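# Structure at a glance
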Amino acid sequence: MESIKYDLAKTPLREVNQFLHSDASVLNGKHIDIQNPNGAHNIAVGLKSEAKVKIHGHAGYYAAGMNQIADVTIEGSVGAGVAENMMSGRVHVKGFASNAAGATAQGGLLVIDGDAGLRCAISLKGADIVVGGSVGSFSAFMAQAGNLVVLGDAGEGLGDSIYEARLFVRGKVKSLGADCEVKTMGPEERKILVDLLARSGHSDVSPESFTLYGSARTLYHFNVAKSGAY
Amino acid sequence: MADTPNKIPQTDPHQSATFDKLTNSQIRRAAATGIYDIRGGGAKRKLPHFDDLLFLGASVSRYPLEGYREKCGTDVVLGTRFAKKPIHLKTPVTIAGMSFGALSAPAKEALGRGAGAVGTSTTTGDGGMTPEERGQSKTLVYQYLPSRYGMNPDDLRKADAIEVVVGQGAKPGGGGMLLGQKISARVAKMRCLPEGIDQRSACRHPDWTGPDDLEIKIAEIREITDWEKPIYVKIGATRPYFDVALAVKAGADVVVLDGMQGGTAATQEVFIEHVGIPILAAIRPAVQALQDLGMHRKVQLIVSGGIRNGADVAKAMALGADAVAIGTAALIAMGDNDPALEAEYNKLGTTAGAYDDWHEGRDPAGITTQDPELMKRFDPVKGGQRLANYLTVMTMEAQVIARACGKSHLHNLEPEDLVALTLEASAMAKVPLAGTNWIPGMDKF
């Protein structure tokens, strides 16, 4: 299919984003290629159509932020907050992601092939995130719902003050945060993991090699006896 | 005089000013429970405030305007710096952010009705936008908060302006908490949380830290909304000069500055009373920052925290604000803490005017609750009408004062129209002590 091409070295970002906000009737099923991103912030934010967007290079902060429905691929690395508050759709980072990847995302799938920095999946609210590499410290802090799959290791304080999100980690976890504990992976969780591995290009990876972490639910009601945990 | 060798004259019982009745009750409460006190509202202690300022009406050297004939404008335009669609309000008295969750859905609806009736804006809060408040609010400001509870790009696009909340006056540097009894099924669903648990709101945004990041975040919201909507930055008053300067640098269209009298749905009493500064102390440094950057009146300043009447509105504007916001006062106008409910307040161990356990969700007025039975007591149409009446009175009162000072628009009020009654107010508001030309500390500001 013929694609629509934008060159950020020639066209202002505002113009590109405005086009990407066109009616679904204009964008649905269209392929849009964005050349020369050169680390620009806020590329392809606020999309809401069945467009397929490819960013050819590195992007800055908030790439594909608040994505809805669209399929965005970044053929490089991204700065902080990739796919933050995503509602639906798919965002794929071929390189590495900086801090707060997928922060507060409510739906959709974020795939990061490389490592993700600090606070990946912070305040996750229902989206799925698969990280091919490792995640930094304080990932899934206050994560409320959704799934984080990490094929590599996790840093310190994983899942601190976690609510109902599920964290699948294949490698080592440096330390768990307050109220986060190892859970038994039942058939329901295994099914979720197998599905996410398949949808993120990791169907060859054994689900049995992962450990599931979740909330011990001891901080759900403020209790003075637990004040040391805060 | 009769000889009474057995009776030694006694002094009156002397209560300690340091260990007064309230303090002692707080100590006993802490000793009994082992947990700090949480409550709603803003600072209750006596603070330097607008009451410590007076207007100098016109006389021989100034020319007043006729109260019933000559116009005194009250309109304000917010978001003229970058937004393609700035907000036009008929009165500078706006409604501050209060969440669905903290307030009942009918109470949110009443805020929208009241504000809409007089041509001003209302504001969402933590937990997102309800269809009721969008439907009833002609001009709705959407808060973008650290918790991002209920944050939805569709609602962002539906809003007339967006307020990035960095902090609030009641608890600058603090997050929030909604206790389980207010996390009803609907509130839980909007916030993506299990029903009935204590819900914590984050104190920092999850995906940015510091002013340089904030600049990129604001740019993201502008890109998502195609640069149409004004973007506010709300800060709790602590270091207003620097915070306002940084908000301007980060690209704010409007800065909202909330003093420590500004209310919260719930936080620790010790936080409310001991962190942050009064709004009176915050306005002049904020205006100074805008002036130093050449942005006064270009980036609009909304101030809040203890605004109660038209005199407060006029004083805030004379000190350099473009508009004000009310929260607690709006709740009182709608029926919160009404003495008519005294018997019910007594059952809760308090009295009308002092009720502040909003987080417990047992508000007999049906405003700060999610209890379906209590909510039924509150009529959003009547509540909205009461709020509209109150907003109208405040606006007219401010006009009365402005005309007396010879001003044809509220925005023409200026510090020169004011004097201070106390040294503190004089130093903070940077207007002379009444009857003198002295402003303490002015030469060092």
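So, how was this worked out
- Residues numbered from 1 in each chain as written.
- Chains lettered and ligands numbered in written order.
- Predicted model: local features only at pLDDT ≥ 70, side-chain atom pairs only at ≥ 80, totals over all residues.
- Contact = placed C-beta atoms within 7 Å.
- Helix = DSSP H or I, 4+ residues; strand = E, 2+ residues; numbered from the N terminus.
- Nonpolar A, V, L, I, M, F, W, Y, C, P; charged D, E, K, R; others polar.
- Expected span 1.5 Å × (residues − 1).
- Buried ≥ 20, exposed ≤ 12 C-beta atoms within 10 Å, placed from the backbone.
- Pairing = 2+ DSSP bridges.
- Axes fitted to C-alpha atoms, helices over the stretch in contact; angles between N-to-C directions.

### Quick notes on the interface of chain B and chain A
Contacts between chain B and chain A engage 22 residues on the former and 36 residues on the latter. The element that contributes the greatest number of residues to the side of chain B that touches chain A is helix H6 (residues 210-224) of chain B, accounting for five residues. Taken together, the residues of the side of chain B that touches chain A break down into 13 nonpolar, three polar and six charged.

### Let's talk about helix H1 (residues 21-33) of chain B
All names here are of chain B. Look at H1: 18 Å from first C-alpha to last across 13 residues, which is about the 18 Å you get at 1.5 Å a residue. Little of H1 sits out of view: just zero of its 13 residues are buried. Within two residues after H1, Gly34 carries a phi angle of roughly 75 degrees, on the positive side.

### A look at the sheet that holds strand E5 (residues 90-93) of chain A
All names here are of chain A. Reading across the sheet, the 11 strands line up as E1-E2-E3-E4-E5-E6-E7-E8-E9-E11-E10 and stay open at both edges, with mixed pairing between neighbours. Only two strands of the sheet have a single partner each, and these edge strands are strand E1 (3-7) and strand E10 (180-183). For this sheet the average axis-to-axis angle between neighbouring strands, irrespective of direction, equals 15 degrees. Here four bridges tie strand E6 (residues 109-112) to strand E7 (residues 125-131), and the two strands are oriented parallel to one another. Looking across to E7, one finds that Leu109 is bridged to Asp128. Against the sheet, helix H3 (residues 187-199) engages E6, E7, strand E8 (145-150), strand E9 (166-169) and strand E11 (211-215), with an angle of about 60 degrees to E8.

### Overview of the sheet that holds strand E15 (residues 323-326) of chain B
All names here are of chain B. Here we have eight strands laid out as an open sheet, ordered E5-E15-E14-E12-E11-E8-E7-E6, and parallel in their pairing. Every interior strand has two partners, whereas the edge strands, strand E5 (93-95) and strand E6 (121-123), have only one. This sheet shows a mean twist of 30 degrees between the axes of neighbouring strands, independent of strand direction. Relative to E15, strand E14 (residues 300-304) runs parallel, the two being bridged by three bridges. Bridge pairing in E15 places Ser304 opposite Ala325. Running at roughly 170 degrees to E14, helix H9 (residues 279-292) makes contact with strand E12 (254-258) and E14 of the sheet.

Interpretation in functional terms is not warranted from these geometric data alone.
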